[in-house]
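Take a look at the letters that make up each chain.
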Amino acid sequence: MSVNLQAKFPGFDIKSQEKLANYTNTQVGGPAEWAFWPHHVQELMNVLEFAHSENLPITVLGNASNLVIGDAGLKGIVIFLSHLNKIEVTDQLIKAGAGAALIDVTQAALEANLSGIEWAAGIPGSVGGAVYMNAGAYGGESADWISSITVLTPDNEIKVYQQAELEFGYRHSLVQRTGDVILDATFQLKPGEFKSIEMLMEDFNTRRALRQPLEYPSCGSTFKRPEGYYAGRLIMDAGLQGFTIGGAQVSTKHAGFIVNVNQATADDYIGVIRHVQEVVAQKFEVQLETEVRILN
Ligand SMILES: Cc1cc2nc3c(=O)[nH]c(=O)nc-3n(C[C@H](O)[C@H](O)[C@H](O)COP(=O)(O)OP(=O)(O)OC[C@H]3O[C@@H](n4cnc5c(N)ncnc54)[C@H](O)[C@@H]3O)c2cc1C
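Residues numbered from 1 in each chain as written. Predicted model: local features only at pLDDT ≥ 70, side-chain atom pairs only at ≥ 80, totals over all residues. Heavy atoms only, no water.

**Things to note about the site of the ligand**
Filter applied, for reference: When we say a residue is near a molecule or strand, we mean one of its heavy atoms is within 4 Å of it. N or O atoms closer than or at 3.5 Å make up a polar contact, with two conditions inside protein: a donor-capable atom paired with an acceptor-capable one, and, for residues adjacent in sequence, both atoms drawn from side chains. Only the protein chains shown count as cover for residues, and all accessible areas are computed by the Shrake-Rupley method using a 1.4 Å probe. Runs of E in the DSSP output that reach at least two residues are strands. Runs of H or I that reach at least four are helices, and both are numbered from the N terminus.
Around the ligand, the structure places 35 residues, and the nearest of them are Val60, Gly62, Ser65, Ser126 and Gly136. In this structure, Gly62 approaches the ligand through a main-chain N or O atom, which is 2.7 Å from an oxygen atom. With respect to the ligand, the backbone of Gly136 contributes an N or O atom lying 2.7 Å from a nitrogen atom. Relative to its free-state accessible area of 970 Å², the ligand is covered by the protein chains to the extent of 94%. Secondary structure elements with two or more residues in the shell around the ligand: strand E3 (58-61), helix H4 (127-133), strand E9 (136-137), strand E13 (181-188) and strand E15 (218-221). Sorting elements by how many residues they give to the shell around the ligand places H4 first, with five residues.

This is the structure we're talking about:
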């Protein structure tokens, strides 16, 4: 270990060799060399400035619900924004910190009789992750409802982007290109009725519980939807449901999910992903691209 981050920043919430499997939805992933939970943006800026000067790699995690982190863990500093989780409602706008749970934002919208993001009621990500991934479900996506975001640029400057600048596409946003750290997002919603918002959320969550293997750790849909196909259908038709390496298995309930059925490792997960990609390519000549991000 070349630098001692805890000694450099006394009083900051920093841990060394923190096991990331304790934070990921898949429950896999080796240790973070340093794990850091900033309490406010200035702390984050101080640590990032130091990291840049020392060439330390930086990884920002949201709720780690769309990630497979390698068994060897991550070098440098892994940043958790869970303390930056303030949610403010003003008229039809909701401004939420990047570390706020998307589910809490949907609850705030419900309580304020604001409609638009009912589709997000069951997505276990953070606001930052939802922007980064342009998360979506049931015909809605972040791009439709986010009016602006605030980021910290790689030069450690605070910058605001308006919706039109965010290059939103299918599971894509500008931030994937710039490497900015998302600090908050503002959702522009529309007036609705409490009961109908609530019913729609309940309907979406019932559909999730029926179709998705929520009883197991997973990272949601593993693959992006290939043009003209559904990834889950291709995997099912390839006879891959139940295919298992170690503790990672193609879900028997929803073929698009790879679930951790028995103390899987990241290598198990990556092995299943590669096998599924190979078999689907051989059988159907379709290249499945991962939606989940593999960090190793
Ligand atoms: C059971 C289940 C159901 C799911 N259903 C859906 C669904 O219906 N629709 C859907 O789109 N997704 C779904 N997902 C996937 C996942 O929840 C979403 O992609 C979510 O938006 C990811 O958010 P996160 O905070 O967990 O991001 P992470 O998994 O923590 O991170 C994802 C990427 O975003 C980056 N990132 C996160 N926060 C920031 C930030 N503040 N600044 C810069 N970069 C950041 C990370 O570096 C990483 O590259 C599901 C997952 C599970 C486990």
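**Overview of the pairing of strand E18 (residues 257-260)**
Keep this limit in mind: Exposure is judged per residue with a 1.4 Å probe applied to protein chains only, and the accessible area is read against the type maximum: over 50% gives exposed, under 20% gives buried, and values in between give partly exposed. Strand pairing requires that DSSP identify at least two bridges connecting the strands.
Going residue by residue along E18, you find Phe257 and Val259 tucked away on one face and Ile258 and Asn260 tucked away on the opposite face as well. As paired elements, strand E17 (residues 248-250) and E18 share three bridges and run antiparallel to each other. Following the sheet pairing, Gln249 is matched in E18 by Val259.

**Describing the UniProt feature "active site" (unreviewed entry) in the protein**
Heads up, the rule is: UniProt positions are given in the numbering used here, feature names are shortened, and annotations may be inferred rather than shown by experiment. Contacts are assigned to residue pairs with any non-hydrogen atoms lying within 4.5 Å of each other.
Within this structure's numbering, the places UniProt gives as "active site" (unreviewed entry) are Arg171, Ser221 and Glu291. Separation in sequence by 121 residues is not matched in space for these annotated residues, since their most distant C-alpha atoms are only 11.5 Å apart. Taking the relative accessible area as the measure of exposure, Arg171 reaches 12% and is therefore buried. When sequence neighbours within four positions are dropped, the list of residues in contact with Arg171 reads Met133, Asn134, Ala135, Gly136, Gln176, Lys224 and Glu291. Mapped onto the elements of the fold, Ser221 is located in strand E15.

**A closer look at the sheet that holds strand E6 (residues 87-90)**
How we decide: All axes are obtained by fitting lines to C-alpha atoms, using only the stretch in contact for helices, and the reported angles, taken between N-to-C directions, cover 0 to 180 degrees.
With respect to topology, five strands assemble into an open sheet ordered E6-E7-E13-E11-E12, the strand pairing being antiparallel. Two strands bound the open sheet, and with one partner strand each, they are E6 and strand E12 (158-162). Going across the sheet, the axis of each strand differs from the next one's by a mean of 15 degrees, ignoring polarity. Seen against the sheet, helix H2 (residues 41-53) touches strand E11 (146-152), E12 and E13 and runs at an angle of roughly 145 degrees to E13.

**Observations concerning helix H9 (residues 266-284)**
This is how the line gets drawn: The length a helix should cover is 1.5 Å for every residue beyond the first.
Compared with the 27 Å implied by 1.5 Å per residue over 19 residues, the 27 Å span of H9 between its first and last C-alpha is a close match. Ala266, Asp268, Tyr269, Ile270, Val272, Ile273, Val276, Gln277, Val279, Val280 and Ala281 are the residues of H9 that are buried. Where H9 terminates, the next one or two residues include Glu285, which has phi positive at roughly 55 degrees.

**Thoughts on the layout of surface pockets**
It is a probe the size of a water molecule, rolled over the atoms, that shows where empty space is left. Note the cut-off: Cavities and pockets are found on a 1 Å grid laid over the protein atoms alone: a cavity is a set of points where a 1.4 Å probe fits but cannot escape, a pocket is an open set with protein on both sides within 12 Å along at least five of seven lines, and a lining residue has an atom within 4 Å of such a point. Grid points are joined across faces, edges and corners, and a volume is the space filled by probe spheres set on the points. Here the nonpolar group is Ala, Val, Leu, Ile, Met, Phe, Trp, Tyr, Cys and Pro; Asp, Glu, Lys and Arg are the charged ones; every other residue, Gly included, is treated as polar.
The calculated volume of the second largest pocket comes to roughly 160 Å³. Around the second largest pocket, the lining residues are Val41, Leu84, Asn85, Lys86, Glu88, Lys95, Ala96, Gly97, Leu183 and Asp184. Of all the secondary structure elements, the ones that give two or more residues to the lining of the second largest pocket are strand E7 (93-97) and E13. For the lining of the second largest pocket, the element with the highest residue contribution is E7, accounting for three residues. Class assignment of the residues belonging to the lining of the second largest pocket gives a composition of four nonpolar, two polar and four charged.

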